[in-house]
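In case you want the letters, here they are:
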Amino acid sequence: MEDVKRKVKNLKLKYGKQPQKELLIVIPNPYPEREYEEEIVTGEFTSLCPLSPGQPDYATLTITYVPDRQILELKSLKFYLASYRMVETFYEEATNRILDDLVTAIKPRSMEIVADWNIRGGMDTRVSVSYKKP
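Criteria and thresholds
Residues numbered from 1 in each chain as written. Predicted model: local features only at pLDDT ≥ 70, side-chain atom pairs only at ≥ 80, totals over all residues. Heavy atoms only, no water. Pairing = 2+ DSSP bridges. Helix = DSSP H or I, 4+ residues; strand = E, 2+ residues; numbered from the N terminus. Core = buried A, V, L, I, M, F, W, Y, C linked by side-chain atoms within 4.5 Å. Buried < 20%, exposed > 50% of the residue type's maximum accessible area, 1.4 Å probe, protein only. Contact = heavy atoms within 4.5 Å. Phe/Tyr/Trp six-rings, centres within 6.5 Å; stacked < 30°, edge-to-face > 60°. Salt bridge = Lys/Arg side-chain N within 4 Å of Asp/Glu carboxyl O. Axes fitted to C-alpha atoms, helices over the stretch in contact; angles between N-to-C directions. Left-handed = near helix turned anticlockwise from the far one by under 90°.

Enquirer: Help me understand the pairing of strand 3 (residues 56-66), please; the structure alone is not making it clear to me.
Expert: Every other side chain in a regular strand lies on the same face of the sheet, so the side chains alternate between the two faces. Alignment of strand 2 (residues 38-48) against strand 3, held across 9 bridges, turns out to be antiparallel. Bridge assignment links Val41 to a residue of strand 3, and that residue is Thr62. With 8 bridges connecting them, strand 3 and strand 5 (residues 110-120) associate as antiparallel partners. For Ala59, the partnering residue across the bridge sits in strand 5 and is Trp117.

Have a look at this one:
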């Protein structure tokens, strides 16, 4: 556990053109034999519109997953999501990339991400993506 504490303490967020998936830290699931669901909700996700550079897009993300052997360390997830702040990306790309990065990091039994994007141009957009372990 000391190793995890050190990693979390040393997290360094650098805003750039790509999200920092290397910020994601996993910890052992305390109940790997039990199937349970974890839901994480954040209303603070921000990225940039690739067609209107400099214009932010905002979303509420709901990440729901059934862990296997590992779970997400939440501060590292917060930093990872914040690393999108200067990334120019479409809604669909951001949502799918987040799913891919999280699945690669923790290898869950299943995961779903729902990105509810703020209204832009009078249209409300929701993107849902999911993964189920084969």
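On we go.
Enquirer: Would you take a moment to explain the nonpolar core for this structure?
Expert: Looking at soluble globular proteins, one finds that nonpolar side chains tend to be buried together. Leu77, Tyr80, Ile98, Leu102 and Met111 are the most contacted members of the largest nonpolar core, which has 34 residues in total. Of all elements in the fold, only helix 1 (2-9), strand 2, strand 3, strand 4 (70-72), helix 2 (74-82), helix 3 (91-106), strand 5 and strand 6 (123-132) reach the threshold of two or more residues within this core. No other element matches the 8 residues that helix 3 contributes to this core. Residues contacting Met111, with those up to four places away along its chain left out, are Ile63, Thr64, Tyr65, Leu99, Leu102, Val103, Ile106, Val129, Ser130 and Tyr131.

Enquirer: What should I look at first to understand the environment of Leu102 in this one?
Expert: For Leu102, the location among the structural elements is in helix 3. Leu102 sits in the buried class, given a relative accessible area of 0%. Taking the C-alpha atoms as reference points, Leu102 and Tyr65, 37 residues apart in sequence, are found 9.9 Å from one another. Contacts of Leu102, omitting those with residues within four sequence positions, involve Leu24, Ile63, Leu72, Leu77, Tyr80, Lys107, Met111 and Ile113.

Enquirer: Even after reading the chapter, I still don't get the packing of aromatic side chains, so can you show me in this structure?
Expert: When we look at a pair of aromatic rings, we describe it by the centre distance and by the angle of the planes. Taken as a whole, this structure holds 4 aromatic pairs when the rule is applied. Their ring planes at 90° and their centres at 5.6 Å tell us that Tyr80 and Tyr84 sit as a pair that is edge-to-face. For the pair formed by Tyr80 and Tyr84, the shared burial category is buried. Judged by centre distance (4.3 Å) and plane angle (10°), the rings of Tyr91 and Trp117 are stacked. Remark: Trp117 occurs in strand 5 and Tyr91 occurs in helix 3; sequence separation between them is 26 residues.

Enquirer: Just to check I follow, could you spell out the pattern of salt bridges for this structure?
Expert: It is possible for side chains of opposite charge to pair when their charged atoms get near one another. Following the criterion strictly, the structure yields 6 salt bridges and no others. One salt bridge in this structure joins Glu35 and Arg109, with 3.8 Å as the shortest N-O distance. In this pair, Glu35 sits in the loop between strand 1 (26-28) and strand 2 while Arg109 sits in the loop between helix 3 and strand 5, placing the two residues 74 residues apart along the sequence. One connected set of salt bridges, linked through shared partners, spans Glu35, Asp68, Arg109 and Lys133.

Enquirer: Looking at this structure, I do not really get the packing of helix 2 against helix 3. What am I missing?
Expert: With their axes 12 Å apart at the nearest point, helix 2 and helix 3 run at an angle of 145° to one another. You can see that helix 2 and helix 3 cross each other, and the crossing is right-handed. Contacts from Leu77, Tyr80 and Leu81 of helix 2 reach helix 3 at Arg97, Ile98, Asp101 and Leu102.

Enquirer: Explanation requested: the sheet that holds strand 6 in the structure shown.
Expert: Strand pairs in the sheet, formed through backbone hydrogen bonds, run parallel or antiparallel to each other. In space, the 4 strands of this open sheet follow the order 2-3-5-6, with antiparallel pairing throughout. Only two strands of the sheet have a single partner each, and these edge strands are strand 2 and strand 6. Taken over all neighbouring pairs, the strand axes of this sheet differ in orientation by 15° on average, direction set aside. Packed onto the sheet, helix 2 meets strand 2 and strand 3 and runs at close to 25° relative to strand 2. On top of the sheet, helix 3 reaches strand 2, strand 3, strand 5 and strand 6; it is set at about 155° to strand 5, its chief contact.

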